[in-house]
Amino acid sequence: MGLCAGFALFVYLGAGNIDDRTRAWVIDELGARFNGGVELQSLHVDLTPRMQVTGQGLSLRYHNRADLPPLIRIERFSFNLGVLGIVHVPRHIKGVYVENMVITIPPRRRDPNQAPPPPAERSGPLPRVVFDEIVCNDTELVLLPKKAGKDPLDWDIHDLVMKAVGAHRAFDFHGTLTNAKPKGEIATRGSFGPWDPEEPGDTAVSGEYNFTNADLGPFAGIGGTLSSAGKYNGQLNKLEVQGETDTPNFSLDPVGRPVPLHTEFSATVDGTDGDTYLHPVRATLLHSLIVANGSVVRSSSKQGHVISLNIYAPNARLQDILRLATKSQEPVMTGSVNLKTKMLLPPGREKVVHRLVLDGDFGVNDAEFASLEVREKLESLSRHALGQPKNVDAGSAVSDLLGHFHLEHDLAAFQQLHFSIAGAEVRLKGQYELPSETLDFQGDLRMQAKLSQTVTGKKSFFLKLADPFFKKDGAGSVVPIRITGTRDDPKFALALFGKKQK
């Protein structure tokens, strides 16, 4: 059988050196297929026992683009030729084995809004070869950036298998990609093509992926084990991706405790630079829904990406968010929170909490402090504000807590912070330092009662003289207040006549 096949190959390629004839045939077919220059260092044909073709140093270059590296560079390849594959049209090559292949995709040259030009006319017949299967060991996919000075995106692909690869048609593939950060393996399968020789980045691609047990530890300031699955569709330089992620132990180090985090997302990914545009992400943190949209874009000045998001949390549980941001087992406060904020996370080696910038507004309904001591202090303040300092049944907890905040460099600044208790309204501004959990706020306490009604005995008599000075804007009295101390042990003080009074 081997001799018959060798004779058929000899007849098909013609008399002469069979290595040279086969080499010329491979170069012609690939040049027509990819519309570019072909370089092949060496090729050898073994007629027996299975007519195996082996080649080394294969490069496919872009047409009229000497400034670019080769489209495809292959260190070594081999395939078998059979008698039927030679005789029948289209000619089938059952299996190709490729070692150490590098694929380089340049950025788009054509205006994305411009219709692609008609295909160029070819002087000869189109290639009629179909590769039934191509198995690639160690493939590197390099996507060149659109902007000068940026590093290309580089993907390592293992065990890439392509099925029924032919000219002007899509083919199926499956393989495993190594993701650099977070480190993990992405299993993917789908369809690729037909190939666009003028704009390779416009080549269509679709499929599904599965990414499991990725360690978030290498990202400074966050932790957890992430798994993700989803689908993608589009072209190499513009992929539409829909998927889900699960991180059962997501954490912000060093400020919080692990919490389960589930996300459902839709995104557009520019494969030439890795820029990702989210629209939107729906994240479930414990029992709270958080919606975000924005972008993850490569930094122009530093290595890494800039994350910019608009975040909205409608009726989230305050205790869920605080669990992520505090280490205590019991949340400092519970309630239903509505949150709108802009988030900016620039690249850097510092932990996430040190680089994170937030600017937004929040409102908390039915707020209740977990600390009994804090509740007692607020109820005492409420009784005094009602003018019933000795009535143990009077007083209430916080309501209508709202404000505007700006978080940067571990410091949360509040230009406006309002909350109410029965008989009083507190208006504050100040700051909260995350690492030390210390408070420093000052503002006004607007009470329903007159100042003299907040105390009893002789103090009440003497304070009646001061009542007119503290009565303003329709309130019984308005006095300066300051809150200091720590998150778990706040200190409330009234500044009457320039002195602090607890």
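For the structure, see preceding data.
Predicted, not measured: the structure shown is a model, and the values here were computed from it. (Residues numbered from 1 in each chain as written. Predicted model: local features only at pLDDT ≥ 70, side-chain atom pairs only at ≥ 80, totals over all residues. Heavy atoms only, no water.)

Attention shifts here to the overall build of the protein chain. Summing up its helical and strand segments, the protein chain has 8 helices and 26 strands in all. Within the protein chain, the fraction of its 502 residues that count as buried is 46%. (Helix = DSSP H or I, 4+ residues; strand = E, 2+ residues; numbered from the N terminus. Buried < 20%, exposed > 50% of the residue type's maximum accessible area, 1.4 Å probe, protein only.)

The next thing to look at is unusual backbone geometry. Looking along the chain, the bond that leaves glycine 193 and enters proline 194 is cis, with omega of 5 degrees. Take proline 194: it is sitting in the loop between strand 9 (184–192) and strand 10 (204–215). A cis amide bond links histidine 279 with the next residue in sequence, proline 280, at an omega value of -20 degrees. Relative to the elements of secondary structure, proline 280 occurs in strand 15 (residues 276–285). The phi angle at aspartate 138 is positive, at roughly 65 degrees, despite the residue not being glycine. For aspartate 138, the position within the fold is in strand 6 (residues 129–143). One non-glycine residue, glutamate 437, lies in positive phi territory at about 55 degrees. Topologically, glutamate 437 is positioned in the loop between strand 22 (424–433) and strand 23 (438–447).

Time to look at the pattern of salt bridges. Enumeration over the complete set of coordinates arrives at 6 salt bridges. Aspartate 440 is paired through a salt bridge with arginine 482; the nearest N and O atoms lie 2.9 Å apart. Highlighted residues: aspartate 440 in strand 23 and arginine 482 in strand 24 (residues 477–486), separated in sequence by 42 residues. Taking relative accessible area as the criterion, aspartate 440 reaches 32% and is therefore assigned partly exposed. (Salt bridge = Lys/Arg side-chain N within 4 Å of Asp/Glu carboxyl O.)

Across all of its chains, the model carries 7 aromatic pairs by this definition. Taking the centre distance of 5.5 Å and the plane angle of 45 degrees together, the rings of phenylalanine 171 and phenylalanine 192 count as tilted. Of this pair, phenylalanine 171 sits in strand 8 (residues 171–179) while phenylalanine 192 is found in strand 9, placing the two residues 21 residues apart along the sequence. No difference in accessibility class separates phenylalanine 171 from phenylalanine 192, as the two residues are buried. Between the aromatic rings of phenylalanine 362 and phenylalanine 405, the centroid separation amounts to 6.1 Å while the plane-to-plane angle is 55 degrees, which identifies the pairing as tilted. In this pair, phenylalanine 362 sits in strand 19 (residues 357–369) while phenylalanine 405 sits in strand 20 (residues 399–408), placing the two residues 43 residues apart along the sequence. (Phe/Tyr/Trp six-rings, centres within 6.5 Å; stacked < 30°, edge-to-face > 60°.)

Note that leucine 286 resides in the loop between strand 15 and strand 16 (288–298). Linking leucine 286 and arginine 323, residues 37 residues apart in sequence, is a C-alpha distance of 9.5 Å. Filtering out sequence-adjacent residues up to four positions away, leucine 286 remains in contact with Val259, Pro260, Asp320 and Arg323. (Contact = heavy atoms within 4.5 Å.)

None of this, on its own, says anything about what the molecule does.
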